[in-house]
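An overview of the molecular structure
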Amino acid sequence: MIQKNKSNKGAVVEKSIPVILFLITSVSILATIGILYTLISQSLEFFSRESFMTFITSANWSPYGAEPEFGIWALVMGTMKVVAIATVFAVPVGLGAAIYLSEYATERVRKIIKPILEVLAGIPTVVYGFFAINFVTPVLQSIWPEISLYNAISAGLVVGIMIIPMIASLSEDAMSSVPNSMREGSLGMGATRLETTFKIVLPAAVSGIIASIVLAVSRAIGETMIVSIAAGSTPNASLDITSSLQTMTGFIVQITSGDAAYGSSLYFSLFAVGMTLFVMTFTMNIISQWITKRYREEY
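What counts and how
- Residue positions within a chain follow its written sequence, with the count starting from 1.
- For a predicted model such as this one, the threshold for reporting local features is a pLDDT of at least 70, and the threshold for listing and counting side-chain atom pairs is 80 or more; totals across whole chains, interfaces and linings nevertheless cover every residue.
- Water and hydrogen atoms were dropped before computing side-chain values, which therefore reflect all heavy atoms in the structure.
- Only DSSP runs of H or I reaching four residues or more are called helices, and only runs of E reaching two or more are called strands; each is numbered from the N terminus.
- A radius of gyration in this sense is built from C-alpha atoms; the matching globule rule multiplies 2.2 Å by the number of residues raised to 0.38.
- For every residue, the accessible area obtained with a 1.4 Å probe (protein chains only) is divided by the maximum for its type, and the residue is called buried under 20%, exposed over 50%, and partly exposed between those limits.
- By definition, residues are in contact when any of their heavy atoms lie within 4.5 Å.
- The Shrake-Rupley method, run with a 1.4 Å probe sphere, supplies the accessible areas, and residue values consider only the shown protein chains as cover.
- In this tally, Asp and Glu contribute negative charge and Lys and Arg positive charge; neither His nor the terminal groups of the chain are included.
- Note on charges: their place is set at NZ of Lys, CZ of Arg, CG of Asp or CD of Glu.
- The definition of a nonpolar core used throughout is a set of buried Ala, Val, Leu, Ile, Met, Phe, Trp, Tyr and Cys residues joined through side-chain atoms within 4.5 Å.
- Salt bridges are defined as contacts in which a side-chain nitrogen from Lys or Arg sits within 4 Å of a carboxyl oxygen from Asp or Glu.
- UniProt positions are given in the numbering used here, feature names are shortened, and annotations may be inferred rather than shown by experiment.
- Multiplying 1.5 Å by the residue count of a helix minus one yields the expected span of that helix.

Attention now moves to the overall build of the chain. Counting its regular elements, the chain contains 12 helices and two strands. Against the 2.2 N^0.38 benchmark of 19 Å for 299 residues, the chain shows a C-alpha radius of gyration of 24 Å, more extended than a compact globule. Projected onto its principal axes, the C-alpha positions of the chain cover 70 × 70 × 35 Å. Put simply, the chain has 299 residues, and 40% of those count as buried. Excluding contacts between residues fewer than 6 apart, the proportion of contacts in the chain whose partners are at least 24 apart in sequence is 70%. As displayed, the chain has an accessible area near 16,300 Å², and 68% of this comes from carbon and sulfur atoms. A distance of 17 Å separates the average location of the 17 positive side-chain charges in the chain from that of its 18 negative side-chain charges.

Here the focus is the nonpolar core. Within the largest apolar cluster, 56 residues are counted, with the highest numbers of intra-cluster contacts made by Trp 61 and Val 159. Listing elements by their share of this core, those giving two or more residues are helix 1 (2-47), helix 3 (73-104), helix 5 (125-143), helix 6 (152-176), helix 9 (206-221), helix 10 (225-230), helix 11 (248-259) and helix 12 (265-298). Looking at this core element by element, the count peaks at 12 residues for helix 12. Beyond its immediate stretch of four places on either side in the chain, Trp 61 contacts Phe 55, Glu 69, Phe 70, Gly 71, Ile 72, Ala 74, Leu 75, Pro 235, Phe 251, Ser 269 and Val 273. Within the second largest apolar cluster, nine residues are counted, among which are Ile 99, Met 175, Val 178 and Ile 209.

Attention now moves to the pattern of salt bridges. The full count for this structure, using the stated rule, is seven salt bridges. Between Lys 114 and Asp 173 there is a salt bridge, and its shortest N-O distance comes to 2.6 Å. With a gap of 59 residues between them, Lys 114 in helix 4 (residues 107-120) and Asp 173 in helix 6 connect regions that are remote in the sequence. On the basis of relative accessible area, Lys 114 is assigned to the buried category, the value being 15%. What emerges from the salt-bridge pattern is a single network uniting Glu 107, Arg 110, Lys 114, Glu 172 and Asp 173.

Turning our eyes to something else, we now look at the UniProt feature "transmembrane region" (unreviewed entry) in the chain. UniProt annotation of "transmembrane region" (unreviewed entry) refers to residues 20-40, 70-95, 116-137, 149-168, 200-221 and 266-287 when read in the numbering used here. Between the end C-alpha atoms of residues 70-95 there is a gap of 39 Å, over a span that is 88% helix and 4% strand. Across residues 200-221, the secondary structure splits into 95% helix and 0% strand, with the terminal C-alpha atoms separated by 32 Å.

The terminal C-alpha atoms of helix 9 lie 22 Å apart, and with 16 residues this matches the ideal 22 Å at 1.5 Å per residue to within 8%. Taken together, the buried positions of helix 9 are Val 206, Ser 207, Ile 209, Ile 210, Ser 212, Val 214, Ala 216, Val 217, Ser 218, Ala 220 and Ile 221.

Okay, structure coming up:
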């Protein structure tokens, strides 16, 4: 009798576990649906008041005043300038660190350096922001006096520092997963370690490396505190990287700090900018998955 009761309880537990796990999984799905609903519904309210074509084609972003203008390209260009500088700086450094850790560092050195890189990823971004404006910008001004206090260069460099651990760690994992037999075969054919790294290991791990770069760029696009502190709050659609600018996330921070009255066009522009940011990062993720799938099929 006791054995039968235990069997019944075990059967109930076995049947309930999939249901519980499904409910847990549904939380993320429902959260995504809720976020999309909020962004889309509030963005539609904004576009019922303002021209959609002006929003996506104009470079004049002056949302305050009697005749506000909402041209998203001023914020998009500010975001892209910071992201471009961060990418140009972070990709060579992060990839170089990954190559060293995977192909040249001893096991002892790897166990020391990799956790340090991962700790760097855990530093609060507000700290990075103050580091940019209090250290990086003064150093740049000592070399380049014309640069303003708020600029794209210092913000981009520090955003690049922030995403280096992501590129280095994920790329190193991808290269470490390449079978040693491929390295040994290359070395046995007379190739040097450098040739083996660039002609065997990197091509074999290219899907993981590209995925890490795209993920890091997506993280840079969505960065908030660094650009809010170090880049400024002046919408600027020019290619000038030495003067103040404003990114999409910087504008969102400015509006959520209480500058907009609830129900105003300025308030609803927050969601239109957020939707634009979502589309950009979503596109980056789609590109990452496509590239990863393509190169995995080839290798």
